[in-house]
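# What the coordinates show
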Amino acid sequence: GESVGLHLPTLSVQEGDNSIINCAYSNSASDYFIWYKQESGKGPQFIIDIRSNMDKRQGQRVTVLLNKTVKHLSLQIAATQPGDSAVYFCAEIGAYQKVTFGTGTKLQVIP
Amino acid sequence: KAGVTQTPRYLIKTRGQQVTLSCSPISGHRSVSWYQQTPGQGLQFLFEYFSETQRNKGNFPGRFSGRQFSNSRSEMNVSTLELGDSALYLCASSFKADNEQFFGPGTRLTVL
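Calculation rules
Residues numbered from 1 in each chain as written. Chains lettered and ligands numbered in written order. Predicted model: local features only at pLDDT ≥ 70, side-chain atom pairs only at ≥ 80, totals over all residues. Heavy atoms only, no water. Helix = DSSP H or I, 4+ residues; strand = E, 2+ residues; numbered from the N terminus. Rg over C-alpha atoms; globule rule 2.2 N^0.38 Å. Contact = heavy atoms within 4.5 Å. Areas by Shrake-Rupley, 256 points an atom, 1.4 Å probe, with all protein chains shown as cover. Buried < 20%, exposed > 50% of the residue type's maximum accessible area, 1.4 Å probe, protein only. Lys, Arg positive; Asp, Glu negative; His and termini not counted. Charge placed at Lys NZ, Arg CZ, Asp CG, Glu CD. Buried area = accessible area lost by both parts, 1.4 Å probe. Salt bridge = Lys/Arg side-chain N within 4 Å of Asp/Glu carboxyl O. Polar contact = N/O pair within 3.5 Å; in protein donor to acceptor, adjacent residues only side chain to side chain. Nonpolar A, V, L, I, M, F, W, Y, C, P; charged D, E, K, R; others polar. Disulfide = S-S within 2.5 Å.

### Side note on the overall build of chain A
When helices and strands are tallied, chain A shows zero helices and 11 strands. Shown N-terminal to C-terminal, the secondary structure of chain A runs as helices and strands in the order β-β-β-β-β-β-β-β-β-β-β. Compactness check: chain A gives a C-alpha radius of gyration of 13 Å against a globular reference of 13 Å for 111 residues, within 12% of the reference. Taken along its principal axes, the extent of the C-alpha atoms in chain A is 40 × 30 × 20 Å. Taking the contacts inside chain A whose residues are at least 6 apart along the sequence as the reference set, 52% of them involve residues at least 24 apart. Summed over its atoms, the accessible surface of chain A is roughly 5400 Å², and 47% of this surface lies on carbon and sulfur atoms.

Here it is in structure tokens:
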């Protein structure tokens, strides 16, 4: 079946450093992916998305890379700040908005 | 624009009871999806509605059901509650399929 997974459950980074969160997906037919950030007590919040016809997309301090050959997705956060501490999920969007989430990576920013 | 709202925010029920959760999407959004989030299983898709029709369904038992009204508001119902149904239930809305989803704060359900 379809699945989306993450390699690292917890990532600790020093404030100011760059963070990289990785994700593997299994459905090669998927053409839309999203990264979400979830803070304690809140619902997931959209960070950035990418479609399969792209291999890179940049936002404000965030970059998503898509490698369709190895079915791998990554989220890069530049100059990580304490406010970036949260759980990050990659998600694969199927037909009719069926979203398959990864297990999540907890990002801890050390001041 | 107001965001996605969910009511109630917290709910405590006992085994065997049934519960109804409500979700009001962002104005103009016609697609509403429901998810269950637990520490053990993570975020799992329940179902998606668009224009009052269920278009997609996850792998949950028939005790989990939902509906959408003409104003796009949606409800989900869980009957014969089990302890394992304790979770955060999240609702998300989008303008149409394959669009960014906006999540509500969730309803925390505790089954005793």
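### Observations concerning the overall build of chain B
Summing up its helical and strand segments, chain B has zero helices and 11 strands in all. Seen in sequence order, chain B has helices and strands lined up from the N terminus as β-β-β-β-β-β-β-β-β-β-β. For a compact globule of 112 residues, the expected C-alpha radius of gyration is about 13 Å, and chain B comes in at 13 Å, within 12% of that figure. Taking the principal axes of its C-alpha atoms as reference, chain B extends roughly 35 × 25 × 25 Å. Looking at chain B residue by residue over its 112 residues, the buried ones come to 49%. When contacts within chain B are restricted to residue pairs at least 6 apart in sequence, long-range pairs at least 24 apart make up 54% of them. Total accessible area on chain B stands at roughly 5200 Å², and carbon and sulfur atoms take up 49% of it. One finds the centroid of the 12 positive side-chain charges in chain B at a distance of 4 Å from the centroid of its 7 negative side-chain charges.

### Digging into the interface of chain B and chain A
Facing 22 residues of chain B, the contacting portion of chain A comprises 16 residues. For the pair chain B and chain A, the summed buried area comes to about 1600 Å², and 52% of that belongs to carbon and sulfur atoms. In this assembly, chain B and chain A are joined by zero salt bridges. Counting every contact that joins chain B to chain A gives one residue pair in polar contact (both at pLDDT 80 or more). Elements represented by at least two residues in the side of chain B that touches chain A include exactly β4 (31–38), β5 (42–50), β6 (53–57) and β9 (87–94) of chain B. Looking at the side of chain B that touches chain A residue by residue, the class counts come to eight nonpolar, eight polar and six charged.

### Concerning the state of the cysteines
All names here are of chain B. Within the structure shown, the criterion is met by two disulfides over all chains. At a sulfur-sulfur separation of 1.7 Å, the disulfide partner of Cys 23 is Cys 91. Between Cys 23 and Cys 91 the sulfur-sulfur dihedral comes to about -55 degrees; the bridge is accordingly left-handed. Of the two residues, Cys 23 is situated in strand β3 (residues 19–24) and Cys 91 in strand β9; the sequence distance between them amounts to 68 residues.

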